[in-house]
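Listed below, chain by chain, are the residues.
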Amino acid sequence: MHSMQKKRMEASCLELALEGERLCKAGDFKAGAAFFEAAVQVGTEDLKTLSAIYSQLGNAYFYLKEYSKALEYHKHDLTLARTIGDRIGEAKASGNLGNTLKILGQFDEAVVCCQRHLDISQEQGDKVGEARALYNIGNVYHAKGKHLSWNMAQDPGYLPQEVKETLQKASEYYERNLSLVKELGDRAAQGRAYGNLGNTQYLLGNFSEAIAFHKERLAIAKEFGDKAAERRAYSNLGNAHIFLGRFDISAEYYKKTLQLSRQLKDQAVEAQACYSLGNTCTLLQDYERAIEYHLKHLVIAQDLGDRVGEGRACWSLGNAYVSLGSHEQALHFARKHLEISQEIGDRNGELTAQLNMAQLRSALGLGSGDEDMGAAQHYSGYEAQGARPKRLQRNSMDSLDLLKFPSEKKINRTPSDEECFFDLLSKFQSNRMDDQRCPLEECPAEAAEAAATAVPALGERISQSTLMTSPQTEEFFDLIASSQSRRLDDQRANVGNLPGLRITHNNLGHLRVEGDAQEPGDEFFNMLMKCQSSRIDDQRCAPPDSIPRGPTMPDEDFFSLIQRVQAKRMDEQRVDLASAQEAAEEEQQRPRSS
């Protein structure tokens, strides 16, 4: 091939790649990936350029949630780094593979990759790489702990040993990351470490420790004027105080969360804050205020077309109106809850709404249609949290137990990719939990940004002049091409058929031949290449049969929490129905104050 033509191809490959990089930096990953793909199509003989392209393509696909493609390109990057003996490149590619495998739920392989990143960074004296690797390993154990907790049957008040150990490991790696980023003076990274330490301690049920970490996280967010991180910190502080029984403090934190979400003009998180506040007001028995917040949540859920959130809002509103003795309004929202549950396929919500409607109609003395009566008969034995429904009384607190909450063992929903509001909990007694679900490290954008190893810009990695010039001996290439063709074919196979690599005698010497002595770590490399992206094709580690989480819902499990807190109160207040029947009949027009 003529040298001028070769130069033009090299220039064209680099131009396409630089445009891809510019688009990705501007946040347009789809267009950026298309330019990088075009650069690969043109191809280059410059190994460092190709490595930079693979790395950035992998990251672009990661952000686009096309994880099997991300895996493929990060694997190409690793293969290339190893063939040219680029240790730092190998470390970074391993870290990126670890993050991608983590998202795909391949936790053990992810740990091996991230550990590889850590080992090489330490060997090379790369402190920044070492800190990133420690953070990433923490992330893998954090995600694994959450995943295990969704999939393990748990006894009440018990955190399975494997979950506990996994979360403790996450915490240890975050602690190591924290001490290193303190040494490096990286305040932003310290903020991320504190946020993750707060979340792992929260999952372990160590709420006071979680609060201390989240307060540190909050201080750093304020330092940077990072409103989104500040909002998350307030939300997490609100969550933790709920479990210390300090609903009043939680309400104050959630109000700050709400204020910030409005400043950020983020309607979905504004709705989440309203939802959290509505439920906290319910715990504080301030039902009028609870209704105000739930109505705000409802309006936003409707605006955003979030039917799951809308159903939850209707359910919450029904509960609050019953607490106030307003059965007509409660019936209206129970009916809406039923419609939405049927539409989204939430069978548990549907059963609950049908039971609530039948009981409310009966309380209001309305002639039930056959179907409603049938529902009442049919569901009379339905136990949402193990307590058989009692006959509806006309006073508010006694009737609260009739608005059943779903057993979250039956409705598994994918936890939110953000805070996951009371992501975990169903036990309130003695601050212990029987179900550890989990808030993700930070917001997805921050987690991804922190997790993906930094990719040096193409311009930083290779000077343009080097790229633009072709070797002087290029014109002789045609003369020797025929004698080398066989060797080139062998070599191509050995470097894993890397797309976009134009092998020339010029870069041949840099490619390690398969027959060479095996390097330490080849076992790791072989394990990795067996992680077929087709096998794990974008499978996410979501619980089975999950109903998608609505964008306005911070978490589903607050319901069972409120139910338990209310059940305690109701046990204290419930009257013996048989002996109190006459009194109840006489007082039916006067709802008893709570």
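**Student:** So what exactly am I meant to see when it comes to the overall build of the protein chain here?
**Tutor:** Each helix and strand in the protein chain was counted, giving 27 helices and zero strands. The buried share among the 594 residues of the protein chain stands at 57%. When contacts within the protein chain are restricted to residue pairs at least 6 apart in sequence, long-range pairs at least 24 apart make up 70% of them. Total accessible area computed for the protein chain in this model is approximately 24,500 Å², and 49% of it derives from carbon and sulfur atoms.

**Student:** What should I look at first to understand the packing of helix α16 (residues 327-344) against helix α17 (residues 347-363) in this one?
**Tutor:** Axes are the key here: two packed helices are described by the angle between their axes and the distance separating the axes. Two elements in contact, α16 and α17, have axes separated by 8 Å at closest approach and are oriented at 155°. Classified by the angle between their axes, α16 and α17 sit roughly antiparallel to one another. Between α16 and α17 lies a crossing of left-handed hand. Every residue of α17 that contacts α16 at His327, Ala330, Leu331, Ala334, Arg335, His337, Leu338, Ser341 and Gln342 is listed here: Gly349, Glu350, Ala353, Gln354, Asn356, Met357, Leu360 and Arg361. Here the residues of the contact of α16 with α17 are counted per class, giving seven nonpolar, seven polar and three charged.

**Student:** How should I be thinking about the environment of Glu162 in this particular structure?
**Tutor:** Counting through the fold element by element, Glu162 comes out in helix α8 (residues 161-183). Note: C-alpha distance between Glu162 and Leu148 (14 residues apart in sequence) is 8.1 Å. The residues contacting Glu162, other than those within four sequence positions of it, are Leu148 and Met152.

**Student:** Help me understand the packing of aromatic side chains in this model?
**Tutor:** Describing an aromatic ring pair means giving the distance of the ring centres and the angle of the ring planes. Evaluation of the coordinates by the stated rule reveals 13 aromatic pairs. Plain terms: the ring middles of Tyr141 and Tyr173 are 5.9 Å apart, the flat faces sit at 20° to each other, and that makes the pair stacked. With Tyr141 in helix α7 (residues 127-151) and Tyr173 in helix α8, this pair connects stretches of sequence that are 32 residues apart. Neither residue differs from the other here; Tyr141 and Tyr173 are each classed as buried. Between Tyr321 and Phe333, the ring centres sit 5.8 Å apart and the planes meet at 5°, which makes this aromatic pair stacked. Here Phe333 lies in helix α16 and Tyr321 lies in helix α15 (residues 307-323), a separation of 12 residues in the sequence. Since its relative accessible area comes to 13%, Tyr321 is described here as buried. Classification of Phe333 as buried rests on a relative accessible area of 9%. Each member of the aromatic cluster is reached from another via a ring pair, and the members are Phe29, Phe62, Tyr63 and Tyr67.

**Student:** Would you take a moment to explain unusual backbone geometry for this structure?
**Tutor:** Trans is the prevailing form of peptide bonds, just as negative phi is the prevailing case for residues other than glycine. Phi is positive for Lys65, which is not a glycine, with a value near 65°. Even without being glycine, Gln285 reaches a positive phi, approximately 60°. With respect to the secondary-structure elements, Gln285 resides in the loop between α13 (267-283) and α14 (287-303). The partly exposed category is assigned to Gln285, whose relative accessible area is 26%.

**Student:** Quick question: what am I supposed to make of the packing of helix α11 (residues 227-243) against helix α12 (residues 247-263) here?
**Tutor:** For the pair α11 and α12, the least separation of the axes is 8 Å and the interaxial angle reads 160°. Our classification of the angle between α11 and α12 gives roughly antiparallel. Judged by the twist between their axes, the crossing of α11 over α12 is left-handed. Each of Lys227, Glu230, Arg231, Tyr234, Ser235, Leu237, Gly238, Asn239, His241 and Ile242 in α11 lies in contact with α12, whose residues at this interface are Phe247, Ile249, Ser250, Tyr253, Tyr254, Lys256, Thr257, Leu260, Ser261 and Gln263. Taken together, the residues of the contact of α11 with α12 break down into eight nonpolar, eight polar and four charged.

**Student:** Help me out: how do you make sense of the state of the cysteines in this one?
**Tutor:** Here a disulfide denotes one covalent bond, and it connects the sulfur atoms of two cysteines. Across all of its chains, the model carries zero disulfides by this definition. There is no disulfide at Cys114, and the cysteine sulfur nearest it, in Cys113, is 6.7 Å away. Classification of Cys114 as buried rests on a relative accessible area of 0%.

Rules used in this analysis
Residues numbered from 1 in each chain as written. Predicted model: local features only at pLDDT ≥ 70, side-chain atom pairs only at ≥ 80, totals over all residues. Heavy atoms only, no water. Helix = DSSP H or I, 4+ residues; strand = E, 2+ residues; numbered from the N terminus. Buried < 20%, exposed > 50% of the residue type's maximum accessible area, 1.4 Å probe, protein only. Contact = heavy atoms within 4.5 Å. Areas by Shrake-Rupley, 256 points an atom, 1.4 Å probe, with all protein chains shown as cover. Axes fitted to C-alpha atoms, helices over the stretch in contact; angles between N-to-C directions. Parallel < 35°, antiparallel > 145°, perpendicular 65-115°, else oblique. Left-handed = near helix turned anticlockwise from the far one by under 90°. Nonpolar A, V, L, I, M, F, W, Y, C, P; charged D, E, K, R; others polar. Phe/Tyr/Trp six-rings, centres within 6.5 Å; stacked < 30°, edge-to-face > 60°. Disulfide = S-S within 2.5 Å.

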